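Commentary on secondary and tertiary structure
Chain by chain, the residues:
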Amino acid sequence: MDNNMGHNEVKPDSVNETDISIQYMKRNVKRDITEKIVETIFLLCALVGVLSVTAIIFFVFYKGIRPFTGEDAYSIKDFLTGTKWAPSENIYGIFYMITASVLSTAGAILVGVPIGVLTAVFISEIAPEGLVKIVKPAIEILAGIPSVLYGAFGLGVVVPLIMKITPEVQGQSLLAVIIVLSIMILPTIVSLSESSIRAVPKKYREASLGLGASKIQTIFQVVLPAAKSGILSATVLGIGRAIGETMAVMMIAGNPTAGMPESIWSMVRPLTTNIAMEMSYASGRQSEMLFATGVVLFIFIMLVNITLIKLTSKAGEK
Amino acid sequence: MKVKSIIAAAVACVLAMGISGCGNENSAEDDDRLKGTIVITGSTSVEDILTDMMDEFEALYPSVSIEYTGSGSSAGIKDTKAGVNNIGASSREIKEEEKDEKLKEEVFAYDGIAAIVNPANEIQDITLQQLADIYSGKITNWSEIGGKDETIFVVSREESSGTRSAFEELTGLPDAGGLTSKAAVAEGNGPVQASVAGNKNAIGYVSFAYIDESVKALKLDGAEPTPEASKTGEYKLSRPFVFVYYEDKATEAGLAFLEFAVSEDGQYCVEDNHGITVD
């Protein structure tokens, strides 16, 4: 009986166990397959970005390096140090464009970053809630305005204003570019700075205020230094935005075919503008040279991005 | 199938809406033998005239569809020579190095380029030589040609714009030393017009169609910038609109379109768009 009982008891148990384990196995297989499929979908999605970047890099570099190789090669030195762009005469110099891009970006950062950071401080630390509800959406809308409208605004408002005070004959100038770019990078600077200022722990402020510092002292001596890395990232992103901007700049820069910018009143031709103006028509050597301009621009953007990655990883280590 | 039905729908729409910018009383008969797609690429300056002609032609021959891509005169001619279009459109004369034995040309319209200044400028008249000197930087002050003592703000177009190459060729700018580095480069007729309208010392050049009250078109060597003066050759800053094609690659429908372009109906389309007719 005992034995039988044991048998009887064991049997159904073992049957049950195998049943259950088979069921488990079935479920696992099914689940594994689903998991795999979903994982693959994720992977494919991730690959879209990676493949695009690889394809763009390969395409731009392949086209952009061609004019400097083989027979009838153009001198890289002439390309990088020349100050005249005349495709019809086979002269392709982009040094004055590199200068224009660097100067206009630097100018925009110099004007835009202080304004943006102070706006962020105002929104997050000082302004009463009612005012924040006006200022913040205004800045956010600024981010959504298409750049061609910034260009139209520049041509219709900024350029005529500059014309009133410029010693030159035209209002299209480095200054016009700097002003419009400064406005365009504001949303980036403000929103990133604001979130990094908000991330500064409250106790920092409390400690500072408790030691007798005023509100303004607290902001400049405690809050801003603590939010430094976020503000730096914002600045770097702003540089990326400013150096890559094309449409708005094209309408207000003047885009001369030669000549280094001599002052903020001079007309300039940034790298992006050069590509955008001629690419749709260009062919042969001219088109390759435009890709070469793109390579130079790309290198600038990569430097900006590497800086950004370095900065954010440093901030992470903290 | 899908493409065909879309084309059919498009043609039906054109017919239904009765879009006929230019009259077609003379040749209302429908020729069923003509069918297929005509690919036209090239000059963007011819777009308005060409689009009208295409609508009209497709209305006449419903089984023909015409695809036009504006890519610039040079690109259009190159496409024709490479055999990737049926007809190339150019808004300048075909250069010597672009010609070959079999390449045919058909002038279907003329366009005038006007030298424009700000309405506040007192200058009324200018010569081709003065234009060349201003654009090459030899003349930099309005007083040198009888205006105020102010620096001239020179506005040109981007390299390989059809209007720019026509302007430079007609004024002889390359021989005068090429475009001055002091010139601003604007991308398109519209931006040139806007730049000149916004600066009292500016000079620019645009197609006739872009002249309006915000700018002043100058007389050239005493000739008014009008279609009539361009046709007679009295006004020197004018250029032809040309189709280029190979007879064997243009297809039957393409050849019919080329014939249509210079017909009375085709020329209505030119006139409707402020172009200058051939005859």
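- The name an unreviewed UniProt entry assigns to chain B is Phosphate-binding protein, from the organism Anaerobium acetethylicum.
- One UniProt comment on chain B, placed under Subcellular location (unreviewed entry), says "Cell membrane".

- Under the annotation held in an unreviewed UniProt entry, chain A carries the name Phosphate transport system permease protein and is attributed to Anaerobium acetethylicum.
- Quoted straight from UniProt, the Subcellular location (unreviewed entry) entry for chain A says "Cell membrane".
- Listed under Sequence similarities (unreviewed entry) in UniProt, the entry text for chain A is "Belongs to the binding-protein-dependent transport system permease family. CysTW subfamily."

Quick word on the nonpolar core
- In terms of nonpolar packing, the biggest core is built from 41 residues, with Ile126, Leu131, Ile134, Tyr135, Ile203, Tyr235 and Leu237 of chain B touching the most fellow members.
- Put simply, the parts of the chain that give this core at least two residues each are β4 (104–117), α4 (128–136), β6 (153–157), α5 (162–171), β7 (184–186), α6 (189–197) and β8 (202–207) of chain B.
- In terms of residue count, β4 of chain B provides more of this core than any other element does, five residues in total.
- With sequence-adjacent residues up to four places away left out, Leu237 of chain B is seen in contact with Asp111, Gly112, Ile113, Leu128, Leu131, Phe167, Leu170, Thr171 and Leu220 of chain B.
- Core analysis: the next-biggest nonpolar cluster, separate from the first, contains 38 residues, Leu174, Ala176, Leu181 and Trp265 of chain A among them.

Focus: the packing of helix α5 (residues 147–165) of chain A against helix α6 (residues 174–198) of chain A
Residue and element names in this part refer to chain A.
- Between α5 and α6, the shortest axis-to-axis distance is 10 Å and the interhelical angle comes to 135°. Taken together, α5 and α6 sit at an angle that is classed as oblique. Considering how the two elements wind past one another, α5 and α6 form a crossing that is right-handed. Residues Ser147, Tyr150, Phe153, Gly154, Val158, Val159 and Ile162 of α5 lie in contact with α6, whose contacting residues are Leu175, Ala176, Ile179, Val180, Ile183 and Met184.

Brief notes about α5 of chain B
Residue and element names in this part refer to chain B.
- Counting buried residues along α5, eight of its 10 residues qualify, which places the element largely inside the surrounding structure.
- Those residues of α5 that sit buried are Gly162, Thr163, Arg164, Ser165, Ala166, Phe167, Glu168 and Thr171.
- Phi turns positive, to about 70°, at Gly172, one or two residues after α5.

Looking at a nonpolar patch on the surface
- Nonpolar side chains collect at one region of the surface, where Leu43, Leu44, Leu47, Val50 and Leu51 of chain A lie side by side and expose about 460 Å² of accessible area between them.
- Here Leu43 of chain A is to be found in helix α1 (residues 2–65).

Structural notes on the packing of aromatic side chains
- Under the definition given, this model contains 17 aromatic pairs over all chains.
- Here the aromatic rings of Phe68 of chain A and Phe79 of chain A are separated by 5.1 Å at their centres, their planes lie at 55°, and the arrangement is tilted. Of this pair, Phe68 of chain A sits in the loop between α1 and α2 (76–81) while Phe79 of chain A sits in helix α2; the two residues are 11 residues apart in sequence, bridging distant segments of the chain.
- Judged by relative accessible area, which is 17%, Phe68 of chain A ranks as buried.
- When the centroid spacing of 4.8 Å and the interplanar angle of 50° are considered together, the rings of Phe57 of chain B and Tyr61 of chain B count as tilted. Taken individually, Phe57 of chain B and Tyr61 of chain B each receive the classification buried, so the pair is uniform in this respect.
- Three or more aromatic residues joined by ring pairs form one cluster here, namely Phe57, Tyr61, Phe108, Phe241, Phe243, Phe257 and Phe260 of chain B.

The rules behind each value
Residues numbered from 1 in each chain as written. Chains lettered and ligands numbered in written order. Predicted model: local features only at pLDDT ≥ 70, side-chain atom pairs only at ≥ 80, totals over all residues. Heavy atoms only, no water. UniProt positions renumbered as here; feature names shortened; annotations may be inferred. Core = buried A, V, L, I, M, F, W, Y, C linked by side-chain atoms within 4.5 Å. Buried < 20%, exposed > 50% of the residue type's maximum accessible area, 1.4 Å probe, protein only. Helix = DSSP H or I, 4+ residues; strand = E, 2+ residues; numbered from the N terminus. Contact = heavy atoms within 4.5 Å. Axes fitted to C-alpha atoms, helices over the stretch in contact; angles between N-to-C directions. Parallel < 35°, antiparallel > 145°, perpendicular 65-115°, else oblique. Left-handed = near helix turned anticlockwise from the far one by under 90°. Patch = residues over 30% accessible without salt bridge, like charges linked within 9 Å, V, L, I, M, F, W, Y side chains within 5 Å. Areas by Shrake-Rupley, 256 points an atom, 1.4 Å probe, with all protein chains shown as cover. Salt bridge = Lys/Arg side-chain N within 4 Å of Asp/Glu carboxyl O. Phe/Tyr/Trp six-rings, centres within 6.5 Å; stacked < 30°, edge-to-face > 60°.

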